[in-house]
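# Secondary and tertiary structure notes
Here's the letter readout for the chains.
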Amino acid sequence: MLSRELLTPTEGALLLAPEWLMLPEGARQGMAVLVRGGRFEAVAPLEELRAAHPALSPIELPQHLLMPGLVDTHTHLTQSFGKSLAFGEPSEIFRRIWVPMESVLDADAAYLSTKLSALEALRGGFTTVVDAGTRSEAGLDGVVAAVRDTGIRCVLGMICNDAALAADDEAGRRRILDTAQGFLAQYEHDALLHPSLAISIPEAATDHMLHDVAALTRESGRRFQTHVNEHLAAVERALVARGLRPLELLHACGALNESALLAHATLLTPREMGLLRDSGAAVAYNPVASAWKGNAVLDAGVIAMLGVPFGLGTDGTRADGFRLMDAAETTQRLTHGLANGDSSCGGGWLWLDHATHGGARAAGLGAITGRIAPGLAADFLLVDLDVPEFMPSWDLSWELVRYGNRDQIRAVFVNGAMRLWQGWPVDWDGRALMRQVAEIARRDVQRAPIQRVHPVADVHRAQQLARR
Ligand SMILES: [Zn+2]
């Protein structure tokens, strides 16, 4: 059975011979990859690798594509209990749903919530997720444990907000920075957990904290995460509180540098576009989040033209990598492409590139993952192409963006280890987790001070009918 062959390497190595191999320049045939020690040891024509490694029998994968695992450059792993509670709600759901919900999570709940998020991400083809930091006081240890247990690659943010401290609480600020430094040091050499620092939104920290956190991440080669210019309400809040728009505020306190990974950046003035380009900062483009809870869409075409590193992000909406690529293209087309007659709108490849190696670069992991290349981590997907939607196939890159579906992902590998087979974990019980989550999520949502504007859909319908 194929899954057994893939789970039991010969002499610690897997020689994989897929019908198609997705390289940065496009899909290729007749190629093979040698996976050993968690990495791609070699990527070359099959005959070459067969001759070089006569002791290894290649695992033939007819009608399969081996492609890089996808990168979710912006998510919230401890929000998975909320799900459809946020649907149809006005833009700033973090204030009324997410912060109240995350604040009641204890360490066990944070663990379960993260584990569910990680399972969903892996099922959706994401081998790497960038977490913007939990608001659960007890959360970080639970998040780390769940990341470990699922084996997903994670850029994990530690929140360093200090605006709630008294203006003269220097000791409190020192404690935050010391903890941040300790966090970066603790995971400095970790294979799968990549530490990062976060400030939820620029107004949640003082100028000094913004500056110091961004300086720490730049010095350590890590990512500084924050949400900028997402909603009109957020832009106006920053203008009222600090006299500057969020991205301008980062710039003014010296926090807009090449270590920054900015989520959303949907409402950028031309000046802010220039500041962004000159800073070297990266952006997470979250098309589904814009559709579900935003009031603007980033022009990813302009961002690409300016050379700003960017990846695609879910922002915790739905962890489905193929649908995210589709949404990235469709959203760009509806909001920018239609108006200026851009029928190509990224040509398919733009979205595939930024879901893989472009996303890895934005996440600060360009030298670690995102490509099938010798020396990089073996983070990859085996995708079944023997489905009606890919028959006949004329243009695999475009087809992945518009036809690709989660149910085609047969295997998910992270760091050379198979984590899922046919959508389910190979070494732990995904369904048992779901039973546990159902119970704990109900308890936590009930006790969280969540404020929703709309009732659930069926009650909403009944209300509308009664009013007629
Ligand atoms: Zn977010």
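Residues numbered from 1 in each chain as written. Predicted model: local features only at pLDDT ≥ 70, side-chain atom pairs only at ≥ 80, totals over all residues. Heavy atoms only, no water.

Time to look at the coordination of the zinc ion. Donor atoms from the polypeptide that bind the zinc ion are H74 (NE2), H76 (NE2), H227 (NE2) and D315 (OD), placed at 2.1 to 2.2 Å. Around the zinc ion, the four donor atoms are arranged such that angles at the metal cover 88 to 171 degrees; this shape is classified as irregular. (Donors = N, O, S within 2.8 Å, 3.2 Å for Na, K, Ca; no water. Tetrahedral: all angles 85-135°; square planar, octahedral: opposite > 155°, others 65-115°.)

When cut into domains, the protein chain gives domain 1 (5–68 + 371–425) and domain 2 (70–362). Domain 1 puts 28 residues into the contact, and the matching count from domain 2 is 30 residues. In this assembly, domain 1 packs against domain 2 so that about 2,300 Å² is buried in total across both faces, 66% of it on carbon and sulfur atoms. The largest per-residue losses of area from domain 1 upon contact with domain 2 belong to W398, V401 and R406, which jointly make up 26% of the total buried on that side. At the junction of domain 1 with domain 2, the criterion picks out three salt bridges. A salt bridge links E329 to R402; the nearest nitrogen and oxygen atoms lie 2.8 Å apart. Where domain 1 meets domain 2, there are five residue pairs in polar contact (both at pLDDT 80 or more). Elements supplying a minimum of two residues to the side of domain 1 that touches domain 2: strand 5 (59–68), strand 14 (380–384), helix 16 (396–402), strand 15 (409–414), strand 16 (417–421) and strand 17 (424–425). When residues in the side of domain 1 that touches domain 2 are grouped by element, the largest group, five residues, is from helix 16. (Domains from an automatic or database assignment. Contact = heavy atoms within 4.5 Å. Buried area = accessible area lost by both parts, 1.4 Å probe. Salt bridge = Lys/Arg side-chain N within 4 Å of Asp/Glu carboxyl O. Polar contact = N/O pair within 3.5 Å; in protein donor to acceptor, adjacent residues only side chain to side chain. Helix = DSSP H or I, 4+ residues; strand = E, 2+ residues; numbered from the N terminus.)

The next point concerns the environment of E188. With respect to the helices and strands, E188 occurs in the loop between helix 6 (170–186) and strand 9 (193–198). Given the relative accessible area of 45%, E188 is considered partly exposed. (Buried < 20%, exposed > 50% of the residue type's maximum accessible area, 1.4 Å probe, protein only.)

Taken together, the buried positions of helix 10 (residues 270–279) are occupied by E272, M273, G274, L275, L276 and S279. Looking at the packing, one finds that the buried side of helix 10 touches helix 9 (246–252), strand 11 (260–264), strand 12 (282–285) and helix 12 (300–306). In the stretch just after helix 10, G280 is the one whose phi turns positive, near 80 degrees.

At a minimum axis separation of 11 Å, helix 6 and helix 7 (residues 207–220) run at an interaxial angle of 15 degrees. What the angle tells us is that helix 6 and helix 7 run roughly parallel. In this structure, helix 6 meets helix 7 at a crossing whose hand is right-handed. For the pair helix 6 and helix 7, contact is made by R173, I176, L177, A180, Q181 and L184 and by M209, D212, V213, L216 and S220, respectively. Grouping the constituent residues of the contact of helix 6 with helix 7 by class yields seven nonpolar, two polar and two charged. (Axes fitted to C-alpha atoms, helices over the stretch in contact; angles between N-to-C directions. Parallel < 35°, antiparallel > 145°, perpendicular 65-115°, else oblique. Left-handed = near helix turned anticlockwise from the far one by under 90°. Nonpolar A, V, L, I, M, F, W, Y, C, P; charged D, E, K, R; others polar.)

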